[in-house]
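Residues per chain, in single letters:
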Amino acid sequence: MADQPRGAVAATANSAQRSTCLCLDAFISLFYVTLYIGSSIVLIFYNKWLLTGSFPHPVLLTLWHMTIAIILTQTMRFVTPLRPLVVSSQTLTAKQYLFNVFPIGLLFSLSLSLGNMAYMYLSVAFIQMLKASQILIMLLFSFIAGIIEPSWTLFVITTFIVCGICATIAGEVNFNVIGVVIQSTAIVAEGSRLILVNLLLSSKGIRLRPLQALFYFAPACAFCLLIYWIAIEAWRMPWDDITDTGALVLVTNGLMSFVLNCASVLLISHANAMILSLSGVVKDILIVAGSCIVFGTIVTTMQYVGYSIALSGVFAYKIYTTETLRLAFVDLIFSRCLRSDRNQSKNSSGGSKAKIKSIDDDDDEDDPEDVRPLIDNENEQISTSEATTATHTSDLNGNNADNSRDPLLVKKRGRFADKEKC
């Protein structure tokens, strides 16, 4: 009997410690999400302000970002505690760099430079709406490359996204054909880059974390951007624009781009797939809303409706193609249905509460998975080539099976059917 109070005290202490750890983990996740979303919004608005103001040179600005990235990642390479963050344990030969990394760097340079160039013609809100179509490009190239098999579910999701994008384009007040063509080309380049990451790196067993990818891609990207700059901007650029803008502005802008990469590393290494997907959706919404507040962008009702439809389609795509998210939603629906059945049983029985409690306790012992966390992703880390494409890359890694053939979902459906029979 003397041991029972000690056991109770120990259990209470363990429960309190567990609650503290969960609260601390939630606080850290919230901080990383805030840092990632905040740095992303600040960088986009910063670039828009520069490119439409004193520094209308998108290729040079992108080249400056890559130069900052090269300097900082090379510096981290010689700092022992930071070296694993930028240098992969897998040794890349010169042939692998030329044929596997350089093509990705080439597309990366096109995507970044054209994406910055589009800010000179289109509003931030409209560009963000157009970026939702990147899923369509990825799906098209994935079908061609045989990475994802077509299905009716993907067809419905694609239809939703297409309808939403068409509504946002039709509702745009300040439509610019040149800007739309430039942004569309940037989207195609980015979608192609993501497919090449899967074909040239992931399929070859080469796994790179975000800063490691930046370490290897930045030199190739900077080399391509230097050629673009010499061919497009250098010969007609007023050099006074650099001095008029000021070193402080350019340095802080370049550092902000690197901060975004570091924030993405922290978020990817700590958060699960659900947090990553929700962070992306929240970031997109805040960018559109912030564009209306900061730059006075006019967004029509048709665009709000269309963008909501497109975002819903994008989120549905991530749920369908990411196994962790699928299981999370199945668990959520299953737990709610089970809770609803139990509430109905309590209301209809009218019997003693003790009897109902004993039935519930027996049921929990028979199926302990019902009370597990929504997403148990403690041992699952998402590693990808870049932070802003983390969920997209994981979407293409084989999680393309139809729901009805997923053994994990079949198992859960069987459990739910057993519960209904009981």
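## What to know about the overall build of the protein chain
Check the secondary structure of the protein chain and you find 17 helices and zero strands. When burial is assessed residue by residue, the protein chain has 47% of its 422 residues classed as buried. Here the analysis covers contacts within the protein chain between residues at least 6 apart in sequence; of these, 86% occur between residues at least 24 apart. Surface accessibility of the protein chain: about 21700 Å² in total, with carbon and sulfur atoms responsible for 66%.

## As for the packing of aromatic side chains
Applying the stated criterion to the full structure yields eight aromatic pairs. An angle of 90° between the planes, with centres 5.4 Å apart, marks the rings of F45 and F295 as edge-to-face. A residue pair is termed long-range when its members are at least 10 positions apart, and F45 in helix α1 (residues 3–51) and F295 in the loop between α12 (273–294) and α13 (301–321) qualify at 250 residues. Taking 6.3 Å as the distance between ring centres and 55° as the angle between the ring planes, the aromatic pair formed by F102 and F223 counts as tilted. One end of the pair, F102, is in helix α4 (residues 94–118); the other, F223, is in helix α9 (residues 210–232), and 121 residues separate them in sequence. On the basis of relative accessible area, F223 is assigned to the partly exposed category, the value being 46%. Here the guanidinium or amino end of R193 rests over the ring plane of F108, the centre of that ring lying 4.8 Å away. Looking at R236, its charged tip hangs above the ring of W235, at a distance of 5.9 Å from the centre.

## Describing the pattern of salt bridges
Side chains bearing opposite charge may pair, as long as their charged atoms lie close to each other. Enumeration over the complete set of coordinates arrives at one salt bridge. The shortest N-O distance in the salt bridge between E190 and R193 comes to 2.8 Å. With E190 and R193 both in helix α8 (residues 177–201) and three residues apart, this pair spans about one turn of that helix. Exposure remark for E190: the relative accessible area of 7% places this residue in the buried category. Exposure remark for R193: the relative accessible area of 0% places this residue in the buried category.

## Re the environment of Y121
Residue placement: Y121 occurs in the loop between α4 and α5 (124–130). If near-sequence neighbours (up to four positions away) are discounted, Y121 is found in contact with N176, I178, G179 and I182.

## Things to note about the packing of helix α6 (residues 134–145) against α8
The interhelical angle for the contact between α6 and α8, taken along N-to-C directions, is 40°, at an axis separation of 9 Å. By the angle between their axes, α6 is oblique relative to α8. Remark: the crossing between α6 and α8 carries right-handed chirality. Residues Q134, I137, M138, F141, S142 and A145 of α6 touch α8, and the partners they reach there are I187, V188, E190, G191, S192, L194, I195 and L199. For the contact of α6 with α8, a count of residues per class yields nine nonpolar, four polar and one charged.

## Here we look at the side chain of S109
Here S109 shows up in helix α4. S109 sits in the buried class, given a relative accessible area of 0%. Beyond its immediate stretch of four places on either side in the chain, S109 contacts C221, C224, L225 and Y228.

## Re α6
Given 3.6 residues per helical turn, the α-helix brings residues three or four places apart onto the same face. Helix length check: α6, at 12 residues, gives a terminal C-alpha distance of 16 Å against a target of 16 Å (1.5 Å per residue), a fit within 8%. Looking at α6, one finds that the buried residues are Q134, I135, L136, I137, M138, L139 and S142.

## Regarding the environment of S133
With respect to the secondary-structure elements, S133 resides in the loop between α5 and α6. S133 sits in the buried class, given a relative accessible area of 14%. A sequence separation of 55 residues divides S133 from V188, and the C-alpha atoms of the two residues are 9.4 Å apart. Here S133 is in contact with I165 and I187, once residues within four sequence places are set aside.

## Regarding the confidence of the model for the protein chain
For the protein chain, mean pLDDT is 76; residues scoring 70 or higher make up 71% of the total. By mean pLDDT, helix α16 (residues 390–395) is the weakest element of the protein chain at 36, and helix α2 (residues 58–77) is the strongest at 94. Scored below 50 in pLDDT, residues 350–422 makes 126 contacts in the model with residues more than four places away or belonging to other chains.

## Looking at a nonpolar patch on the surface
Together, W152, F155, V156, F160, V305 and I309 make up an exposed nonpolar region whose accessible area comes to about 650 Å². Put simply, the parts of the chain that give the nonpolar patch at least two residues each are α7 (152–170) and α13. Looking at the nonpolar patch, the element that brings in the most residues is α7, giving four residues. Within the secondary structure layout, V305 lies in helix α13.

## Side note on the packing of α4 against α8
Axis separation between α4 and α8 bottoms out at 8 Å; the angle between their running directions is 160°. In this view, α4 runs roughly antiparallel relative to α8, as classed from their interaxial angle. Both α4 and α8 take part in a crossing whose hand is left-handed. For the contact of α4 with α8, the class distribution of residues is 17 nonpolar, seven polar and two charged.

## Examining the environment of A189
By secondary structure assignment, the location of A189 is in helix α8. A residue is classified by how much of its surface remains accessible, and A189, at 6% relative accessible area, is buried. The spacing of A189 and I104 is 85 residues in sequence and 9.6 Å in space, taken between C-alpha atoms. What A189 contacts, discounting residues up to four positions off in sequence, is L107, L110 and S111.

Quick notes on the rules
- Sequence order as written defines the numbering, with residues in each chain counted from 1.
- Where totals are concerned, whole chains, interfaces and linings use all residues; where local detail is concerned, this predicted model gives features only for residues with pLDDT of at least 70, and gives and counts side-chain atom pairs only at 80 or more.
- To get the side-chain values, all heavy atoms of the structure are used, and hydrogens and water are removed first.
- Counting from the N terminus, the helices are the DSSP runs of H or I reaching at least four residues and the strands are the DSSP runs of E reaching at least two.
- The rule is simple: take the accessible area with a 1.4 Å probe, protein chains only, and divide by the maximum for that residue type; under 20% is buried, over 50% is exposed, in between is partly exposed.
- Throughout, a residue-residue contact means that at least one pair of heavy atoms, one from each residue, lies within 4.5 Å.
- Accessible surface is estimated by sampling points in the Shrake-Rupley manner with a 1.4 Å probe; for residues, cover comes only from the protein chains shown.
- Each Phe, Tyr or Trp ring, with Trp reduced to its six-membered ring, pairs with another whose centre is within 6.5 Å; inter-plane angles below 30 degrees give stacked pairs, above 60 give edge-to-face pairs, and intermediate values give tilted ones.
- Any Lys NZ or Arg CZ found within 6 Å of a ring centre and within 35 degrees of that ring's normal is scored as a charge over the ring.
- Any Lys or Arg side-chain nitrogen found within 4 Å of a carboxyl oxygen on Asp or Glu counts as a salt bridge.
- Here the axes come from fitting lines to C-alpha atoms, over the contacting stretch only for helices, and the angles between their N-to-C directions go from 0 to 180 degrees.
- For classification, angles of less than 35 degrees are called roughly parallel, those exceeding 145 degrees roughly antiparallel, those between 65 and 115 degrees roughly perpendicular, and all remaining angles oblique.
- Definitions for this section: a left-handed crossing has its near helix turned counterclockwise from the far helix by less than a right angle. A right-handed crossing has that turn clockwise.
- We call Asp, Glu, Lys and Arg charged. Ala, Val, Leu, Ile, Met, Phe, Trp, Tyr, Cys and Pro are nonpolar, and the rest, Gly among them, are polar.
- A helix is expected to span 1.5 Å multiplied by its residue count minus one.
- Per residue, pLDDT captures the predictor's confidence, and it can take any value from 0 to 100.
- Nonpolar side chains (Val, Leu, Ile, Met, Phe, Trp, Tyr) are joined into patches within 5 Å and like charges within 9 Å, using only residues with over 30% relative accessible area and no salt bridge.

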